[in-house]
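Spelled out from the first residue to the last, the chains are:
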Amino acid sequence: MMVPAPPTGHRFRVAFCGRPHLPLVAGWAMPKVEILSSENGPNLVMVDGKVATALCRCGHSSHKPMCDGSHRMAGFRAEKTSVKIVE
């Protein structure tokens, strides 16, 4: 998907996936972002097919919003699913 260049004299910044330094200009492709809810585990934030971070979805992590593996000890159970944010 091509993004049009911003009007002359205006500057826009993208605060997306920890990349606020990238200007939004024509020809720059947005990264492919997907959230995978793993079976009985955390939400995996995938950026261009690589795991960017794992977010707690069981509520037992002591490092919220990040997963620390507490779901294993808590006996957390949930189905696998995915959500495509940007494709």
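For the structure, check the block above.
Residues numbered from 1 in each chain as written. Predicted model: local features only at pLDDT ≥ 70, side-chain atom pairs only at ≥ 80, totals over all residues. Heavy atoms only, no water.

### Some thoughts on the state of the cysteines
In this structure the tally under the stated criterion is 0 disulfides. Cys58 supplies the cysteine sulfur nearest to Cys56, a cysteine that is in no disulfide, at a spacing of 3.8 Å. We classify Cys56 as buried; its relative accessible area is 18%. Not engaged in a disulfide, the cysteine Cys67 finds its nearest cysteine sulfur in Cys56; these two sulfurs lie 6.1 Å apart. (Disulfide = S-S within 2.5 Å. Buried < 20%, exposed > 50% of the residue type's maximum accessible area, 1.4 Å probe, protein only.)

### Some words on the sheet that holds strand S1 (residues 33-37)
In space, the 4 strands of this open sheet follow the order S3-S2-S1-S4, with antiparallel pairing throughout. The two strands at the open ends of the sheet, each matched to only one other strand, are strand S3 (50-55) and strand S4 (81-86). Averaged over all adjacent pairs, the angle separating strand axes in this sheet is 20 degrees, with direction ignored. In this structure, S1 lies alongside S4, joined through 5 bridges in antiparallel fashion. The residue bridging Leu36 from the neighbouring strand is Ser82, located in S4. (Pairing = 2+ DSSP bridges. Helix = DSSP H or I, 4+ residues; strand = E, 2+ residues; numbered from the N terminus. Axes fitted to C-alpha atoms, helices over the stretch in contact; angles between N-to-C directions.)

### Notes on the environment of Ser70
Note on placement: Ser70 falls in helix H1 (residues 70-74). Counting along the chain gives 12 residues from Ser70 to Cys58, while the straight-line C-alpha distance between them is 8.0 Å. Once residues within four sequence positions are removed from consideration, Ser70 is found in contact with Cys58, His60, Ser61 and Ser62. (Contact = heavy atoms within 4.5 Å.)

### A few points about unusual backbone geometry
Trans is the prevailing form of peptide bonds, just as negative phi is the prevailing case for residues other than glycine. Lys64 connects to Pro65 through a cis peptide bond whose omega is 10 degrees. Structurally, Pro65 can be placed in the loop between S3 and H1. Despite not being glycine, Asn40 has its phi angle at roughly 60 degrees, a positive value. Along the polypeptide, Asn40 turns up in the loop between S1 and strand S2 (43-47). The exposure class assigned to Asn40 is partly exposed, which follows from its relative accessible area of 22%. Positive phi, close to 50 degrees, is recorded for Asp48, a residue that is not glycine. Relative to the helices and strands, Asp48 is located in the loop between S2 and S3.

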